[in-house]
Every structure is written in structure tokens, then in C-alpha cells.
Amino acid sequence: MGNDSLASDASFNLSVLSCPDCCEELAYTAAPTTRGAVGQYGILKCSCFRYPVVDGVPILSKRHVGLHAFTSGETGSQGPEVEEVSRLVAEGHGHEALIRCLAFTPPFAFLDRLPMWRVWHSDAVRRLLRSRIERRVRRMLNDRTRLCAEDWFEFYFGQVTAADRSLLPYYRNRVVMPRTLAALSLLQLLPSSDKPVLDLACGFGPFAHYLMNRRNATAVIGADFNFYCAWGQKHWIAPKGTFVCADANHPRLPFKDDTFASIFCSDAFIYVEDKPRLLAEFSRCAPAKPIVLARVGNSTASPHEGKQLDAKGYMQLLVSGSPKIFSEYALLRHYLSRSNPLKSDPIDPGDLTWDKWLTFVLNTQQLDDVTVAQADEWPHEVGELAINPMLKRRALGNGRQRLWFEFPTIWFAYQNGEMYVYHQSSLECADDLVRHAQLDSADAEIRNLIARFVLIGLPTRYLKAQIADATPAPASTQQPSSRLRGGDHSVSR
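Along each chain, the written sequence defines residue order, and numbers are assigned to residues from 1. Side-chain atom pairs in this predicted model are given and counted only at pLDDT of 80 or more, local residue features only at pLDDT of at least 70, and totals for whole chains, interfaces and linings cover all residues. Values reported for side chains reflect all heavy atoms of the structure, with hydrogen atoms and water molecules removed beforehand.

### So, the pairing of strand β7 (residues 197-200)
Burial classes: relative accessible area under 20% of the type maximum marks a residue as buried, over 50% as exposed, and values in between as partly exposed (1.4 Å probe, protein chains only). Helix and strand labels come from DSSP, where a helix needs a run of H or I of at least four residues and a strand needs a run of E of at least two; each type is numbered from the N terminus. Of the two faces of β7, the one carrying V197 and D199 and the one carrying L198 and L200 are both buried. In terms of strand pairing, β7 meets strand β8 (residues 220-224) through four bridges, oriented parallel. Its bridge partner being in β8, V197 is matched across the sheet by V220. Look down the strands so they point away from you; if going from the first strand over the helix to the second traces a clockwise path, that crossover is right-handed. This β-α-β element, β7 to helix α9 (residues 207-213) to β8, shows right-handed connectivity. Two strands qualify as a pair provided that DSSP identifies no fewer than 2 bridges between them. Taken together, the four bridges between β7 and strand β10 (residues 262-266) define a ladder with parallel strand orientation. Bridging from a neighbouring strand, L198 pairs with I263 of β10.

In C-alpha cells form, the structure reads like this:
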């Protein structure tokens, strides 16, 4: 397959990529695939290296495919060397390469409590534990058509976990979290363009899904240093996009000059070692284009993570982009009131001393005058309408159910207390509410439930509950979903 045909392929966009080291264009060669491999596999080659494409995701790194900690970037579980992955792909063992890239070595905290703890840290035990995880991955991939994103969240953040277990409710409920709505208040201002948006450090986030499925859809290129996140985006969250495994701390991003219409980076800028270097890369890849740096930690407020500055320090660092600064709470208010944050009065960085999470927008000229119309779709409704996972559900019989708002953990409540402001407290509705909403999303009552975050939009196969709701109920139990009663139907803004 030549470069031209690959560039038009839905799997990934070769035309935007270049080698992060020698800066050359990358030539693609499709690889033979063996039993079990259902995606796209091949090799991207330049004069200095062979980069593998594993199940549609280019790995543009020369180190290893591991599991990197979100907060530090340190390797939590070291996987196969990239050269080994390239060899497997080139020899037609793409499915085996995918299994090795998705597997991890479980942490040893539970083994440290046992006698002879040094034995449990031996290479032999590490290999044994990893082989067990690889068998789990193999079973899941064999059943992948029945799975959803939540299955993979549970795999990485569930019982035998690869990382922090507190991330499981975070990803289940990410679409309606205050930090997400704050970011969406700005992303909704981005115009459609013939160039893509870069979602840097995309993780399992909802932003690529939103941008590619809203009414004025735009293409997205996502990048993350964790392969499993880029792969998860590609196959479970935003399959229309291009996602690559690449590290923002590398001296050069693996993209050609003037590639992007804008750049979005959330929850990651504070962990970048060389911030001026990354900003220079932004200017190369998206010269004078809007840049949104969301959820950037403020050093004057706790907790202290990464390489943080205070609000004034960030403004001085970003000065060439004429930055505008916002607190996360202010952006949330703009989202709920359906207004353009960039039209508000400038904020003095000195007034944000006690605000932990800041957002910066650079090169805003083309966004300043955008109007957010009250009749526009809500960003949180984009996708397949489903019941908000923050709402617990209990069947009442006779075709009805009760929904009520509940935080999954105390820590989650501490971090996201603002959700009380805009969430429905309790509600009774028909069991077929979701089907009714998907058939007639313009219905006045459905519009009201979307505005009150009872119904939200999700990727098609995001939660297990979506799959369950898609199963037709017996005709005798179906009730008109427009009949709502009980609970507190008010919503505060």
C-alpha cells in the first residue's frame, strides 16, 4: 500500500506524520497478518528507524511500549521494546504484538505483605504475572466485539490493576465532570477546518469524540505516551480519529509543520519537563492558531504535582500568544450559562492565588466573537444518548425506574463537589427513556433532561449500561417514556 492510499484510509492519517528524530516523511508498508489480527498492521519507515503500526495505531517512539504514570511520566510497567514490536509486525505476528503492547506487569504492593518479599520481585515472578495478564488480554481480544470502553477501564484500573484504582470512576463519569465541562466551554468555540485539531496527551478523554461528532465536526489527531490510551481511543471512543503513541517530552513532536488548526492539551502541561520547547513545537505545528491548555496546576494551591508555576509565571511563559487565563470554576459557569468565556472581562492572575486548576487560551483572535446560541446542541449531548452514569438506577416495576444522583467515592466527591450544582437529584421515569430519547432527541421533555444532565451523549460502546439499554424490553413492560414524576426536578445554574 502506497503513501497516497494510506493517507485516505480511515485508520490513520499518514499525511500529518513525520519522524520525531530525523524529521523525514514516513513511508508505509502493510504487513502480512496472521490469525487473530483484525486491524491494520504495518511499518512506517524513514532513514533512521522502523516504527510499527499496531492495530491502526502508529508507535512513534524508539524506546519501549510501557505503562507510564499519568502524574510523573515514570514507567510503571515496562513492556516490549519498540524494535521487538516492529519485528513481530513485519513477520506477520501483529496480533501477538498487540497483546504484548496492551499487557502490563501488575504492581507488587500486595506481594510485599507476604514473607520472602524479595522473591516476589524476581524476574521470574514478574514474567509469570505478566504472562497471566497477557492471557487475559488474549481472551478479551477474542471477545472484543462484545466489549465496550468500560471493560478496558476495569481491566486497567480494576481488581488486578495496572494503575491507580481511583481512575475507574473518573473515566466512567468523565463526560459530566466539572473539568470536562470547563474544557468543553472552550472547545465548542473551535470552528470546523480542513486541518485537524491536535489532542495532546489525549488519554481516554472525551474531547476527540466530541469534536468529530458535533454538528460542525472537525478531524482530530490524538497523541499519548501510553499505547493503551491511544489504542482505546481509536477502537472504543473516537474511531474516526487518528491516534498515535508518542511522548510530548520528546524534543520534537512527530508531526509536520503547520499541520493543525488548533491544539488542545488537558491535564498534562504541568508534567512537561521543557515547557518552552513544547510551546515552540506548538508554534511550529500550528503557527498563530488557537491553543488551549486546560487544567494546569497552580503552584500556590495544593496539591503540588509536576513542574508547576503560579498564575503570573504561566502568563509570562505564554506571553507571545497573548494568553487569556481562567479558573476552572469560571469556565464551568460559562458552560452552564451557555456563554463564550473569551468575551468576559480579563482576569488578574493575582486574583487566582487559591484556584488550583487554571486554563490558558492562546491566539484567540478567531474565537473572541463566537456566539454560543441557546438553541445549539449541548457539547455533553453529542453522541449516543444514554442515562448519566452518575445517576444510580433501580427498577420500580410496571415499566418504571428511579434515578438518583450519587458520588461513587468520597475522594471523587471531594474533587468534584460542583456536580451538585447542575445534577438532577432524583427522578422517576419509564424504563424505555433511552430508546425514546434516541428516537426523538428534539422532544421538549428530552431537551429538558439533557439540560439537566439526566441524559448525556456517549461514544456508541462506552458503558455496559448502554449495551443493556439497547436490548429491547418485553412489550408488556414498555411505558411511554414521556411520563416523569417524583423527585426534585429543579436544576440550579
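The structure having been displayed, the exposition proceeds.
### Structural notes on the sheet that holds strand β16 (residues 400-405)
Strand order across the open sheet formed by three strands is β15-β16-β17, with antiparallel pairing between neighbours. With partners counted over all chains shown, the strands left at the sheet margins are β15 (391-397) and β17 (426-430), one partner each. If you compare each strand with its neighbour and ignore which way they point, the axes differ by 25° on average. Note on geometry: axes are lines fitted to C-alpha atoms, helical ones only across the stretch in contact, with angles between N-to-C directions running from 0 to 180 degrees.

### Topic: helix α11 (residues 275-285)
Most of α11 is tucked away: eight of the 11 residues are buried. Within α11 the residues assigned to the buried category are K275, R277, L278, L279, E281, F282, R284 and C285. Taken together, the buried residues of α11 touch β7, β10, β11 (291-297) and α12 (311-317). Two or three places before R277, at the opening of α11, D274 has a side-chain oxygen 3.1 Å from that residue's backbone nitrogen. Whether two residues touch is decided by their heavy atoms; if any such pair falls within 4.5 Å, the residues are in contact. Counting of polar contacts relies on pairs of N or O atoms within 3.5 Å, with two restrictions inside protein: one atom must be capable of donating a hydrogen and the other of accepting it, and residues adjacent in sequence are counted only when both atoms are side-chain atoms.

### A closer look at the side chain of R277
As for its placement among the helices and strands, R277 is situated in helix α11. Salt bridges are absent for the buried R277, whose nearest opposite-charge side chain, D274, sits at 4.8 Å. When sequence neighbours within four positions are dropped, the list of residues in contact with R277 reads A248, N249, H250, P251, R252 and V272. The sign given to each residue is positive for Lys and Arg and negative for Asp and Glu; His and the chain ends receive no count. By definition here, a salt bridge exists when the distance from a side-chain nitrogen of Lys or Arg to a carboxyl oxygen of Asp or Glu is within 4 Å.

### With respect to the packing of helix α3 (residues 94-102) against helix α5 (residues 123-142)
Two elements in contact, α3 and α5, have axes separated by 9 Å at closest approach and are oriented at 120°. Viewed along their axes, α3 and α5 adopt a mutual orientation that is oblique. Between α3 and α5 lies a crossing whose hand is right-handed. Across the interface between the two elements, H95, E96, L98, I99, R100 and L102 from α3 touch R130, E134, V137, R138, L141 and N142 from α5. Here the contact of α3 with α5 is composed, by residue class, of five nonpolar, two polar and five charged. Under this scheme an angle from 65 to 115 degrees is roughly perpendicular, one under 35 degrees roughly parallel, and one over 145 degrees roughly antiparallel; angles in between are oblique. By definition, turning the near helix anticlockwise from the far helix through less than a right angle yields a left-handed crossing, and turning it clockwise yields a right-handed one. Three classes are used, and their members are as follows: Ala, Val, Leu, Ile, Met, Phe, Trp, Tyr, Cys and Pro are nonpolar, Asp, Glu, Lys and Arg are charged, and the others, Gly among them, are polar.

### What about the side chain of S185?
Residue placement: S185 occurs in helix α8 (residues 178-187). The buried category is assigned to S185, whose relative accessible area is 0%. Residue contacts for S185: discarding those within four places in its chain leaves L331, Y335 and P341.

### Quick look at the confidence of the model for the protein chain
Values of pLDDT, which run from 0 to 100, indicate the predictor's confidence residue by residue. With 87% of its residues at a pLDDT of at least 70, the protein chain reaches an overall mean of 88. The model gives residues 473-483 a pLDDT under 50, and that stretch makes 20 contacts with residues more than four places away or in other chains. Per-residue pLDDT stays below 50 along residues 485-493; that stretch engages in 23 contacts with residues further than four places along the chain or on separate chains.

### Some words on the environment of V197
Along the chain, the position of V197 falls in strand β7. Overall, V197 belongs to the buried group, its relative accessible area being 2%. For the pair formed by V197 and I263, sequence separation is 66 residues and the distance between their alpha carbons is 5.7 Å. Excluding residues within four positions of it along the chain, V197 makes contact with L190, L211, T218, A219, V220, I221, F260 and S262.

### Regarding empty space enclosed by the protein
We place a 1 Å grid over just the protein atoms. Points where a 1.4 Å probe fits but has no way out form a cavity, open points with protein on both sides within 12 Å along at least 5 of 7 lines form a pocket, and any residue with an atom within 4 Å of a point lines it. Grid points are joined across faces, edges and corners, and a volume is the space filled by probe spheres set on the points. One pass over the full model with this rule turns up two cavities of 30 Å³ or more. Estimates place the volume of the largest cavity at around 60 Å³. Around the largest cavity, the lining residues are V175, L184, P206, H209, Y210, P379, H380, V382 and G457. Classifying every residue of the lining of the largest cavity gives six nonpolar, three polar and no charged.

### Thoughts on unusual backbone geometry
A cis geometry characterises the amide bond from S302 onward to P303, with omega recorded as 0°. With respect to the helices, strands and loops of the structure, P303 is situated in the loop between β11 and α12. Phi is positive for A201, which is not a glycine, with a value near 60°. Within the secondary structure, A201 is located in the loop between β7 and α9. For A288, which is not glycine, the phi torsion reads 60° and is therefore positive. In this structure, A288 sits in the loop between α11 and β11.

### Examining the environment of G56
Considering the arrangement of structural elements, one finds G56 in the loop between β3 (50-54) and β4 (57-58). Judged by its relative accessible area of 2%, G56 falls in the buried class. Each C-alpha atom of the pair G56 and V244 lies 8.8 Å from the other, and the pair is 188 residues apart in sequence.

### A short note on the sheet that holds β3
If you walk across this open sheet you meet the four strands as β1-β2-β3-β4, and the pairing is antiparallel. Single-partner strands in this sheet number two, and they are β1 (27-30) and β4. Seen against the sheet, helix α2 (residues 82-90) touches β2 (42-45) and β3 and runs at an angle of roughly 65° to β3.

### Here's the deal with the nonpolar core
Each nonpolar core is a collection of buried residues, namely Ala, Val, Leu, Ile, Met, Phe, Trp, Tyr and Cys, held together in the definition by side-chain atoms within 4.5 Å. Membership of the largest hydrophobic core comes to 153 residues, with the highest contact counts inside it found for L44, L102, W152, F227, F255, L293 and F360. For this core, the leading source of residues is helix α10 (residues 227-237), giving seven residues. When sequence neighbours within four positions are dropped, the list of residues in contact with F227 reads V54, V57, I59, V65, L98, C101, L102 and C245.

### Considering the packing of aromatic side chains
In summary, the pairing rule links any two rings of Phe, Tyr or Trp, Trp by its six-membered ring, whose centres are within 6.5 Å, and it sorts them by plane angle into stacked for under 30 degrees, edge-to-face for over 60 and tilted for everything else. Inspection of the entire model under this criterion finds 27 aromatic pairs. Ring geometry for F405 versus F407: centroids 5.0 Å apart, planes at 70°, classification edge-to-face. Accessibility expressed as a relative area gives 12% for F405, which makes it buried. Residue F407 is classed as buried on the basis of its relative accessible area of 13%. Directly above the ring of W378 sits R338, whose terminal nitrogen or CZ lies 4.0 Å from the centroid. The criterion is that NZ of a Lys, or CZ of an Arg, lies within 6 Å of the ring centre and within 35 degrees of the ring normal, and then a charge sits over that ring.

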